[in-house]
2 protein chains.
Amino acid sequence: MTENTPSMQGAVCPVPKKHSNTIVLGHGSGGRMMADLIKEVFYSQLKNDPLLAGNDAGVVELTDGLNLAISTDAHVVSPLFFPGGDIGRLAVCGTVNDVAMVGAVPLYLSASFILEEGLEISLLDRVVESMQAAAEEAGVLVISGDTKVVAHGEADGLYISTTGVGLLDPVVNIGGSQAQAGDNLIISGTMGDHGIAVLEARGELGFSTNLESDVAPLNHLIEAMLAVSKNIHVLRDPTRGGVATTLNEIARQSHKGIILDEQSLPVKPEVAAACEMLGFDPLYIANEGKLLAIVSAEDTEKVLEVMRQTRYGEGAAVIGRVEEEPAGRVLLETALGSTRIVDVLAGELLPRIC
Amino acid sequence: MTENTPSMQGAVCPVPKKHSNTIVLGHGSGGRMMADLIKEVFYSQLKNDPLLAGNDAGVVELTDGLNLAISTDAHVVSPLFFPGGDIGRLAVCGTVNDVAMVGAVPLYLSASFILEEGLEISLLDRVVESMQAAAEEAGVLVISGDTKVVAHGEADGLYISTTGVGLLDPVVNIGGSQAQAGDNLIISGTMGDHGIAVLEARGELGFSTNLESDVAPLNHLIEAMLAVSKNIHVLRDPTRGGVATTLNEIARQSHKGIILDEQSLPVKPEVAAACEMLGFDPLYIANEGKLLAIVSAEDTEKVLEVMRQTRYGEGAAVIGRVEEEPAGRVLLETALGSTRIVDVLAGELLPRIC
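Residues numbered from 1 in each chain as written. Chains lettered and ligands numbered in written order. Predicted model: local features only at pLDDT ≥ 70, side-chain atom pairs only at ≥ 80, totals over all residues. Heavy atoms only, no water.

The next point concerns the overall build of chain A. What chain A contains, in helices and strands, is 9 helices and 14 strands. Its C-alpha atoms give chain A a radius of gyration of 19 Å, within 12% of the compact-globule value 20 Å for 354 residues. Its C-alpha atoms give chain A principal-axis dimensions of about 55 × 55 × 45 Å. A burial count over chain A gives 64% of its 354 residues as buried. Within chain A, contacts between residues at least 6 apart in sequence are counted, and of these 84% link residues at least 24 apart. Of the roughly 12,300 Å² of accessible surface on chain A, 49% is carried by carbon and sulfur atoms. (Helix = DSSP H or I, 4+ residues; strand = E, 2+ residues; numbered from the N terminus. Rg over C-alpha atoms; globule rule 2.2 N^0.38 Å. Buried < 20%, exposed > 50% of the residue type's maximum accessible area, 1.4 Å probe, protein only. Contact = heavy atoms within 4.5 Å. Areas by Shrake-Rupley, 256 points an atom, 1.4 Å probe, with all protein chains shown as cover.)

Written as structure tokens, this is what we have:
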């Protein structure tokens with residue numbers, strides 16, 4: 001699936017000074033600053049096991065034999081409409097995917113809207129229509145909502161927070177800590193499509209492509225994968241901070257090393273070209289319709305096969321493996337045979353990408 | 001419990017022109033404009049039974065013998081801290097209460113934060129600390145979260161969307177449509193404390209009071225009420241739009257008439273004075289720690305008794321009754337023996353009150 005090997009220069013990340021006393025854009029990056037903020041402000045006070053597990057959704061036991069997964073996301077993407085999607089589709093898919101990534105079947109969503117005075121109602125209408133279409137595709141219902149209005153200049157058009165709930169069997173134990181040495185790392189398709197498509201929609205690319213965001217609900221793909229294998233140890237969607245940041249989280253949670261094979265990383269030529277020009281690394285660019293799966297070696301082929309039969313998994317490829325060492329680290333083996341450390345995103349790459 | 005009888009002049013509501021094509025502050029009021037927007041944009045597209053039921057939480061069957069309630073709210077209150085509370089306590093209590101109002105036991109919350117660049121981290125820390133204190137008081141866990149950052153001028157400090165889930169027995173059927181002729185209407189305490197306290201914190205009152213917001217989790221109060229009566233037909237917290245707007249919703253849902261007794265409406269002297277001066281009617285002012293209960297005549301006394309033994313129900317009083325006519329309407333019987341129609345809030349009374 002390697003359509004082009006991305007240039008691997010470091011991402012251009014303006015890194016604000018450490019120990020800042022105020023919120024800066026980097027705190028929303030999905031990278032290290034956000035992780036520090038979450039640890040210092042949120043985890044230190046709201047501590048409970050489901051939250052501290054640090055997965056895409058919190059999982060709790062509801063009754064004997066039935067676990068509940070809950071996940072929430074605020075969506076502040078700019079612009080509201082972009083090639084391949086809009087904030088409505090993003091709000092539904094982002095939350096459906098987070099619930100599905102712990103192995104749960106997403107069932108119900110809630111959505112709360114913060115509207116800026118002056119927003120066109122016809123635009124809101126299109127966004128809600130898009131939400132409903134995405135919800136139908138995913139097979140979920142939006143059963144609760146809320147609307148608040150703030151004055152002109154107190155929001156940027158429209159923000160949507162969605163929360164999803166899903167059910168899972170307590171025997172399912174999928175999460176960042178479950179990666180095992182010997183496992184393979186699968187990606188469901190090309191990297192960076194969403195981030196570059198949004199950048200182009202903002203007019204920040206300087207040239208035009210036919211690229212579309214990959215924003216999509218992945219729950220049916222995951223259902224198909226889980227139907228053929230009980231040895232899927234980790235599922236995670238590499239959104240803000242990209243594949244690099246997500247893999248670092250998994251490496252830290254599992255205390256394992258993750259080794260990426262540069263030559264097998266799937267990147268579309270347009271994304272590679274945009275990244276080369278802007279000095280970005282596709283490993284750090286957000287995706288909204290891709291997943292990373294860490295799967296036992298013996299089940300890898302059958303999982304790949306079933307993924308490739310689905311709409312959103314047809315580009316599935318093995319891009320790396322899990323080893324005992326270096327524990328908590330992600331390495332990249334380059335085409336030239338050298339190896340370098342792939343770190344988390346340090347500052348802010350692309351604000352308001354989701 | 002009538003500490004003062006409010007003056008009943010109409011609320012001062014700037015009513016924007018009808019059929020507006022853009023969002024105006026009135027769309028967030030909790031009143032008629034919001035109801036129209038919800039119907040035309042949200043209900044028309046996201047249609048499903050739990051949503052269309054129009055209660056504080058959507059209720060679905062999870063498994064045999066177990067229903068799930070989900071409710072969500074965006075919180076944009078200004079200022080972030082006010083006498084008696086702050087956005088963190090409000091975000092937890094508002095959602096806990098909405099889940100509890102359908103008779104469910106709230107268990108888990110999610111919280112998504114939209115932070116404006118430049119927000120002081122120490123302030124965020126105090127807000128999260130307050131959320132945790134409120135969650136502990138209510139007995140719920142915040143098990144999932146998200147943080148987004150927008151640039152300076154794209155939000156006003158901090159917005160929080162919370163979603164709550166709770167469980168309920170399928171035999172419980174509490175909702176706006178269940179009001180029955182002959183039932184009594186109970187309120188758990190004084191009206192308007194939250195709205196006037198926030199107004200004072202904004203410096204818009206022109207004089208100072210010792211008034212505090214009533215923001216509180218009501219789930220334990222409801223638990224106590226449900227333990228003594230199976231004939232609680234409706235529970236609703238009169239937040240945006242106040243008691244008047246909430247009762248109109250119930251009258252519409254149940255096709256019953258609700259008759260309010262002016263002399264029994266509990267209002268603190270400070271709230272009455274502020275309303276008199278500003279030309280507001282306490283019936284339209286937001287509450288965040290009060291509930292309305294519609295209860296069968298024979299269970300009214302025992303429900304009142306148990307309410308008065310709890311911290312947040314000690315001011316409980318009967319303030320009206322349900323009759324067959326006028327169906328879908330709320331009437332007020334004044335101290336002078338006359339009767340007037342109490343309509344929903346038409347425009348916007350107090351923006352960003354919650």
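Now for the relation of the copies chain A and chain B. Mapping chain A onto chain B calls for a screw motion: a turn of 180° about the axis and a shift of 0.0 Å along it, with 0.0 Å RMSD after fitting. In short, the pair behaves as if placed about a two-fold rotation axis. In terms of proximity to the rotation axis, the leading residue of chain A is A:Ala155, whose C-alpha is 2.2 Å off the axis. Looking at the interface residues of chain A, 100% of them are also at the interface in chain B, so both copies use one shared face. (Least-squares fit on C-alpha atoms with pLDDT ≥ 70 in both.)

The next thing to look at is the sheet that holds strand E7 (residues 158-168) of chain A. Residue and element names in this part refer to chain A. Pairing within the open sheet is mixed, and its 5 strands lie in the order E1-E2-E7-E5-E6. Here the strands that pair on one side only, and so sit at the sheet edges, are strand E1 (58-63) and strand E6 (141-150). Averaged over all neighbouring strand pairs, the angle between strand axes comes to 20°, with direction disregarded. Taken together, the 9 bridges between strand E2 (residues 66-75) and E7 define a ladder with antiparallel strand orientation. The residue of E7 that forms the bridge with Asp73 is Thr162. (Pairing = 2+ DSSP bridges. Axes fitted to C-alpha atoms, helices over the stretch in contact; angles between N-to-C directions.)

Each side of the interface is counted separately: chain A has 72 residues, and chain B has 72 residues. With both chains or domains summed, chain A and chain B bury close to 6,500 Å², and 68% of this area falls on carbon and sulfur atoms. Along the contact surface separating chain A from chain B lie 6 salt bridges. Notably, a salt bridge pairs A:Lys148 with B:Asp73, separated by 3.7 Å at the nearest N-O pair. Applying the counting rule to chain A against chain B returns 32 residue pairs in polar contact (both at pLDDT 80 or more). (Buried area = accessible area lost by both parts, 1.4 Å probe. Salt bridge = Lys/Arg side-chain N within 4 Å of Asp/Glu carboxyl O. Polar contact = N/O pair within 3.5 Å; in protein donor to acceptor, adjacent residues only side chain to side chain.)

Let us look at the pattern of salt bridges. Residue and element names in this part refer to chain B. In the structure shown here, the tally under the stated rule is 36 salt bridges over all chains. In this structure, Asp343 engages Arg32 in a salt bridge whose closest nitrogen and oxygen atoms are separated by 2.9 Å. Here Asp343 is found in the segment after strand E14 (339-341), whereas its partner Arg32 is found in helix H1 (residues 32-43), with 311 residues between them in sequence. The class for Asp343 is partly exposed, based on a relative accessible area of 29%.

Here we come to the side chain of B:Lys256. Position of B:Lys256 relative to the elements: it lies in the loop between helix H7 (242-254) and strand E10 (257-261). Among all residues touching B:Lys256, those that are not within four sequence positions of it are B:Ala179, B:Gln180, B:Ala181, B:Ala251, B:Val322, B:Glu323, B:Glu324, B:Pro326, B:Ala327, B:Gly328 and B:Arg329.

Attention now goes to the domain arrangement of chain A. Often the size quoted for an interface is simply the accessible area lost on bringing the parts together. Residue and element names in this part refer to chain A. When its domains are assigned, chain A resolves into domain 1 (56-168) and domain 2 (176-341). If you average the C-alpha positions of domain 1 and of domain 2, the two centres end up 23 Å apart. Contact with domain 1, which involves 23 residues of that partner, is made by 23 residues of domain 2. Summed over both partners, the interface of domain 1 with domain 2 buries about 1,900 Å², with 59% contributed by carbon and sulfur atoms. Taken as a group, Pro83, Met101 and Glu137 account for 28% of the area that domain 1 buries against domain 2, more than any other trio of residues on that side. Its salt-bridge partner being Arg311, residue Glu137 comes within 3.8 Å of it at the nearest N-O pair. (Domains from an automatic or database assignment.)

Another point: the confidence of the model for chain A. Residue and element names in this part refer to chain A. Per-residue pLDDT for chain A averages 93, and the proportion of residues at 70 or more is 95%. In this model residues 1-19 is a low-confidence stretch, pLDDT under 50, and it forms 52 contacts with partners more than four residues away in sequence or in other chains. Here the predicted complex carries an ipTM of 0.93, next to a pTM of 0.93. (pLDDT = per-residue confidence, 0-100.)

Next up on the list: the environment of A:Arg352. All names here are of chain A. Structurally, Arg352 can be placed in the segment after strand E14 (339-341). By relative accessible area, Arg352 is classed as buried at 9%. The spacing of Arg352 and Gly28 is 324 residues in sequence and 8.2 Å in space, taken between C-alpha atoms.

All names here are of chain A. Spatially, E9-E11-E8-E12-E10-E13-E14 is the arrangement adopted by the 7 strands of the open sheet, whose pairing is mixed. Where the open sheet ends on each side, the last strands, each with one partner, are strand E9 (232-236) and E14. Neighbouring strand axes in the sheet, compared pairwise and without regard to direction, differ in orientation by 25° on average. The sheet strands contacting helix H9 (residues 300-308) are strand E8 (184-187), E9, strand E11 (292-295) and strand E12 (317-323), and the helix crosses E8 at an angle near 5°.

Moving on to the packing of helix H6 (residues 219-228) of chain B against helix H9 (residues 300-308) of chain B. Residues and elements named next belong to chain B. Close contact between H6 and H9 brings their axes to 9 Å; oriented N to C, the two are set at 150°. Classified by chirality, the crossing of H9 by H6 is right-handed. Taken together, the residues of H9 that come into contact with H6 (itself represented by Leu221, Ala224, Met225 and Val228) are Lys302, Val303, Val306 and Met307. Split by residue class, the contact of H6 with H9 holds 7 nonpolar, no polar and 1 charged. (Left-handed = near helix turned anticlockwise from the far one by under 90°. Nonpolar A, V, L, I, M, F, W, Y, C, P; charged D, E, K, R; others polar.)

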